[in-house]
Amino acid sequence: MIIKRKHFFILVVTLGWVFIHQSCTHDPFMINDIDPNPMDTTTNPMDTMTIDTTLVGTPCDPAVIYFEKDILPILLGNCAIAGCHNSAAANDGVILDSYENVIKTAKVKPFDLSDSKLYKVITENDPDKIMPPTGKMDNNKISLISQWLLQGAKNLDCDEVSNCVTENTTYSGYVKGVFSTSCNGCHNTSSSFGGVILDTYAGVKSVVNTGRLYGAINWSQGFQRMPQGQSQLDSCKIAKVKKWLDEGAQNN
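Presented here is a report on the structure given in the accompanying data block. Being a predicted model, the structure only gives us computed values, none of them experimental.

1. Considerations on helix α5 (residues 139-150)
Relative to the 16 Å expected for 12 residues at 1.5 Å per residue, α5 spans 16 Å between its end C-alpha atoms, a close match to the ideal helical length. Elements that come into contact with the buried residues of α5 comprise α2 (67-78), α3 (99-105), α4 (117-122) and α6 (171-182). Where α5 begins, the side chain of Asp-138 points an oxygen toward the backbone nitrogen of Asn-140, at a separation of 3.0 Å. Just past α5, the residue Gly-152 takes up positive phi, approximately 110°.

Following this line, the structure appears as structure tokens:
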């Protein structure tokens, strides 16, 4: 009997120890667990308090010539057209439809007009050598290209859309320049594609009076999208032209 009581006592003690031990363990994924090695968040590099969510693109500097904004539309409208210097035709191996192709094929010399073939051909006086073959570009376009070259022929970018100001938009100060850069390659006095002339105020006003101008540049349903074969004008240009139209499309 003594031995049995002793064994019973040992059994009770053993079971008690097992019960106590099991009650101290738990599922490690319970939300009340305390991680013995917590992550130090004080040095977390993704501290969102340092992120400025108000940042917008670099504002456009009126003294700087930007390739995408100022130069490419001229080249697309006057040079990189079907049968000439687009990727499909690539006349004389020259392609003028992107910054990379211009730099690679147009023999551009940054900071040097005399050694840049691109500048030479658009200022050529020989009718057999001048580009575009349809006639010399207007002085505004030539000036923009020459300034771009003298500024280093860089592929600089700016955010005109985020900093768009439509107030005080005039024909001579803005609208005329938009048409000159993006439209006049086709719609000029010499080659009035579709009967549309946009290199004179009278020609522009004639299209305005028909109600076709805004619909075309805004790519509205039922209108021919312009500039044809190119990307749509950015929203700031469209908004400024519309502002001018809404204020009477004056020759101001």
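2. Some points on the layout of surface pockets
In this structure, the largest pocket spans a volume of roughly 1,000 Å³. As for the largest pocket, its lining consists of 48 residues, of which Cys-183, Asn-184, Gly-185, Cys-186 and His-187 are closest to the centre. Within the residue set of the lining of the largest pocket, elements represented by two or more residues are α2 and α8 (213-217). Tallied by class, residues from the lining of the largest pocket come to 22 nonpolar, 20 polar and six charged. The space that makes up the second largest pocket amounts to roughly 500 Å³. Surrounding the second largest pocket, 21 residues form its lining, Lys-69, Asp-70, Leu-144, Glu-160 and Tyr-174 being those nearest its centre. Residue contributions to the lining of the second largest pocket peak at six residues, all from α6.

What counts, and at which threshold
Residues numbered from 1 in each chain as written. Predicted model: local features only at pLDDT ≥ 70, side-chain atom pairs only at ≥ 80, totals over all residues. Heavy atoms only, no water. Helix = DSSP H or I, 4+ residues; strand = E, 2+ residues; numbered from the N terminus. Expected span 1.5 Å × (residues − 1). Contact = heavy atoms within 4.5 Å. Polar contact = N/O pair within 3.5 Å; in protein donor to acceptor, adjacent residues only side chain to side chain. 1 Å grid on protein atoms, 1.4 Å probe; cavity = no way out; pocket = protein on both sides within 12 Å on 5 of 7 lines; lining within 4 Å. Points joined across faces, edges and corners; volume = space filled by probe spheres on them. Nonpolar A, V, L, I, M, F, W, Y, C, P; charged D, E, K, R; others polar.

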